Amino acid sequence: MAVSAAGKIVYEQDGIFIHSSTEDQDSLISGILRIIEKDGELVVEYKPLEDGVDLSNMLYAGKDSSSVVEWTQSPTEKTQKNAEHQHSYEAEWDMINTVSFKKKPYTNGEGTSNHVHERSKWAFFFNVIDLKTIKIKLEGWSHLVFCLKDETSLPALHFHQGSSDLFIDCLKKYVLINESLFDERVLIVSNYNKALSQSFENLFDDTTFGLVQKFRKDPYTTTMGGFSKVTNYLYDAFRGADVEHQQRPAAEMADILNEVIPGLEINHQEEPGFEVIKRIDLGTKPDVQRREPVSVEDWTKNMDTEGRIQNVHDLKQRIFNGGLCHALRKEAWKFLLGYFPWNSTRDDRKVSQKRKIDEYFRMKLQWKSVSEEQEKRNSRLRDYRSLIEKDVNRTDRTNTFYEGPDNPGLILLHDILMTYCMYDFDLGYVQGMSDLLSPILYVMENEVDAFWCFVSFMDQMHHNFEEQMQGMKTQLIQLSTLLRLLDLAFWNYLESQDSGYLYFCFRWLLIHFKREFSFQDVLRLWEVMWTGLPCQNFHLLVCCAILDSEKQKIMDEHYGFNEILKHINELSMKLDVEEVLRKAEAICFQIKNCKDLPYAVCEILEVIPDTAAPAAEICEHRALDTRSPPNATCTDELQPNPVPNGRDGNSGLRETAPHVYKLAHV
């Protein structure tokens, strides 16, 4: 298949004419008609043979009224960008790395001085998603008239040397084309994406039976696309018109959730050796203060002349205590996620980055080069692509980085997720992974860097998305264990309302609170948790901190199963990340300062309880975060990479202290 500088040519035919005047034979404009696949989009281009205009400066009718749009930069900017890009290693991969972020609007008549040749004005191209109808007429030969969605009609193209059937057949591979019911000469064009991008909000418009069926078929899709509405559904649909007589008991509701989410049947009574932990006096939570974000100046002070990061643990502690200023995230996240080793030099990172660029584009080329015929015989790849297209179309679309119908950020989001399917084909793509990638791509603003940081993040989150859902089950049990320790009365209340399974925390854990906090707060929360401080599974303490703030209202209002689900769901976008982090850190200090900490809890958090230092001293000196107890495994020296969420290196039963019953680890 031919490849042009602007993309892959999937159809090309010359001898296509425009009749600029019906009276003058010399007015026939001969040109080439092409269909070009570029940056995940499909473009139809007509170019007169005499027109020597570079494709990158071609004009096409835009969506907005009769304006035209040019994909280019100003001459100065373009020259500078080209010079920089030619010296970039990524330039070698331009054939599959062609996303452009610049759009320059013109009104009709402006900018035409760039096309001085008389026939240049007949050149045009448009995005297929802007195409509304195609009118076909037969006058000895066929000719086509393209009508765009803004009602713009382009000049008729005359196929003097053959039929237009091949063009229409090629177009049908990418869009739906049907004859108009009112005029067989008019073809109606619609995009597959329109059907694919139907909102998952519609999932819960069905009957009760429909919801259960969807949960059974795809629990992740149902959870991610509509778990924000499942509470309202359970609250309303199961109750019916007569609440007093038709409301289902909480036990039945819990049984339904157990039944429809395969693999998450958690029965504390049937877990071998699973007993309630004895009530323990943890004392009061210390007062914790957050600090200012780490600045670029702070970061560079901790770097030697060769670019190695020094005082890594202290720097991580600073990041945990205050996060990062946004200008620093692009660099610092690569270290926090393990893309760059902390002890690497600048030269080391350049060599590594060159290798990673090469490796990324080789994987990207694998799915880019799959023909349509091949994909017909690869149902898994088709399914991955379909699901990715659906998710990309609705991921963070209110964020300026992803908003708008023609945003190139969406193309990058799509391409990275497709390439990840090549990286880990067994896992492929699962609903929710786009939520994890979106903030990373937003920060990195680079396709390759975002991909490898996403890979590192997925190494931590992998168990959340596996089919057996073992990682999710483990985390819910661990969270339940911590909650029983922290507030046995609250846990008993939840248990009495058949909410002891903590299913309402499912989305929190699945995508690391991505939909619970504002976008900017998610950036702060993630970078804090990526430090691995002050203990393993700190995200579980974040859950505990949120629940601690809401427990009084839940118990005072006597919330039942339905109301608990509804209330927790409605916390989305109302949480203060700094307050939650303060409380979670205070809970960690409270647990570490406990003299009789159950071994099961020590194992979940991988902490060694401190029986000597009082809470005030801990808070003042941050001693627990900087000491390295002999058996602790949360320091940089003993644990260079954060332990993936929900993973426990020690499974099975453990002997515990005499005052604590045994706990089965899953």
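Look above for the structure.
Residues numbered from 1 in each chain as written. Predicted model: local features only at pLDDT ≥ 70, side-chain atom pairs only at ≥ 80, totals over all residues. Heavy atoms only, no water.

## Here we look at the overall build of the protein chain
- Summing up its helical and strand segments, the protein chain has 26 helices and 15 strands in all.
- For the protein chain, the proportion of its 666 residues judged to be buried stands at 53%.
- In the protein chain, the share of contacts with a sequence separation of at least 24, taken over all contacts with a separation of at least 6, comes to 69%.
- Within the structure as shown, the protein chain displays about 30,500 Å² of accessible surface, and the carbon and sulfur contribution to it stands at 48%. (Helix = DSSP H or I, 4+ residues; strand = E, 2+ residues; numbered from the N terminus. Buried < 20%, exposed > 50% of the residue type's maximum accessible area, 1.4 Å probe, protein only. Contact = heavy atoms within 4.5 Å. Areas by Shrake-Rupley, 256 points an atom, 1.4 Å probe, with all protein chains shown as cover.)

## Thoughts on the environment of glutamine 520
- Along the chain, glutamine 520 turns up in helix H20 (residues 519-529).
- Under the relative-accessibility criterion, glutamine 520 is labelled partly exposed at 39%.
- The spacing of glutamine 520 and proline 439 is 81 residues in sequence and 8.8 Å in space, taken between C-alpha atoms.
- Residues contacting glutamine 520, with those up to four places away along its chain left out, are Arg329 and Tyr442.

## Examining the packing of aromatic side chains
- For the structure shown, the criterion picks out 29 aromatic pairs.
- For the pair tyrosine 11 and phenylalanine 167, a centre-to-centre distance of 5.4 Å together with 70° between the ring planes defines the contact as edge-to-face. Of this pair, tyrosine 11 sits in strand E2 (residues 7-19) while phenylalanine 167 is found in helix H2 (residues 165-172), placing the two residues 156 residues apart along the sequence.
- Overall, the relative accessible area of 8% leaves tyrosine 11 in the buried class. (Phe/Tyr/Trp six-rings, centres within 6.5 Å; stacked < 30°, edge-to-face > 60°.)

## Thoughts on the nonpolar core
- Counting residues in each nonpolar core, the largest one holds 128 residues, and the members touching the most others are Trp299, Ile440, Phe465 and Leu541.
- The residues contacting leucine 541, other than those within four sequence positions of it, are Leu482, Cys535, Ala584, Ile587, Cys588, Ile591 and Leu605.
- Counting 29 residues, the second-largest nonpolar core is a separate cluster that includes Ile35, Leu157, Ile168 and Leu187. (Core = buried A, V, L, I, M, F, W, Y, C linked by side-chain atoms within 4.5 Å.)

## Some words on the side chain of serine 344
- Inspection of the secondary structure assignment puts serine 344 in the loop between helix H10 (326-336) and helix H11 (346-368).
- In terms of polar contacts, serine 344 uses its side chain to reach the backbone carbonyl oxygen of proline 341, at 2.7 Å.
- Excluding its chain neighbours within four sequence positions, the residues that come into contact with serine 344 are Gly307, Arg308, Phe335 and Arg349. (Polar contact = N/O pair within 3.5 Å; in protein donor to acceptor, adjacent residues only side chain to side chain.)

## Some points on the packing of helix H21 (residues 538-556) against helix H23 (residues 577-592)
- It is at 8 Å that the axes of H21 and H23 come closest, and there the two elements cross at 110°. The orientation of H21 with respect to H23, classified from their angle, is roughly perpendicular. Between H21 and H23, the contacting residues are Phe538, Leu541, Val542, Cys544, Ala545, Ile546, Asp548 and Ser549 on the first element and Val580, Leu581, Lys583, Ala584, Glu585, Ile587, Cys588 and Ile591 on the second. (Axes fitted to C-alpha atoms, helices over the stretch in contact; angles between N-to-C directions. Parallel < 35°, antiparallel > 145°, perpendicular 65-115°, else oblique.)

## Some words on H11
- In this model H11 runs 32 Å from its N-terminal to its C-terminal C-alpha over 23 residues, within 8% of the 33 Å that 1.5 Å per residue would give.
- Along H11, the residues classified as buried are Arg349, Ser352, Lys356, Ile357, Asp358, Tyr360, Phe361, Met363, Lys364 and Trp367.
- Buried residues in H11 make contact with H10, helix H13 (379-392), helix H14 (408-423) and helix H16 (447-461). (Expected span 1.5 Å × (residues − 1).)

## Structural notes on the environment of leucine 441
- Counting through the fold element by element, leucine 441 comes out in helix H15 (residues 433-444).
- We classify leucine 441 as buried; its relative accessible area is 0%.
- When the C-alpha atoms of leucine 441 and leucine 413 are compared, they prove to be 7.4 Å apart, with 28 residues separating the residues in sequence.

## Brief notes about the pairing of strand E4 (residues 41-48)
- Among the eight residues in E4, six count as buried, and that is most of the element.
- With eight bridges connecting them, strand E3 (residues 28-38) and E4 associate as antiparallel partners. The residue of E4 that forms the bridge with leucine 33 is tyrosine 46.
- For E4 and strand E8 (residues 124-127), the ladder comprises four bridges, and the chain directions are antiparallel. Considered in E8, the bridge of valine 43 is made with asparagine 127. (Pairing = 2+ DSSP bridges.)

## Here's the deal with the pairing of E3
- For E3, the tally of buried residues reaches nine of 11 residues, placing the bulk of the element in the interior.
- When E2 meets E3, the two strands line up antiparallel, connected through nine bridges. Across the sheet, isoleucine 16 pairs through a bridge with glycine 31, a residue of E3.
- Linkage of E3 to E4, two consecutive antiparallel strands, is achieved through a turn of two residues, within which aspartate 39 is found at a positive phi near 55°.

## Brief notes about H23
- Over its 16 residues, H23 extends 22 Å from the first C-alpha to the last, a length consistent with the 22 Å expected when each residue adds 1.5 Å.
- Here H23 starts with a cap whose side-chain oxygen sits 3.1 Å from the backbone nitrogen of glutamate 578, and that cap is aspartate 576.

By themselves, these are just geometric observations and shouldn't be taken as functional.
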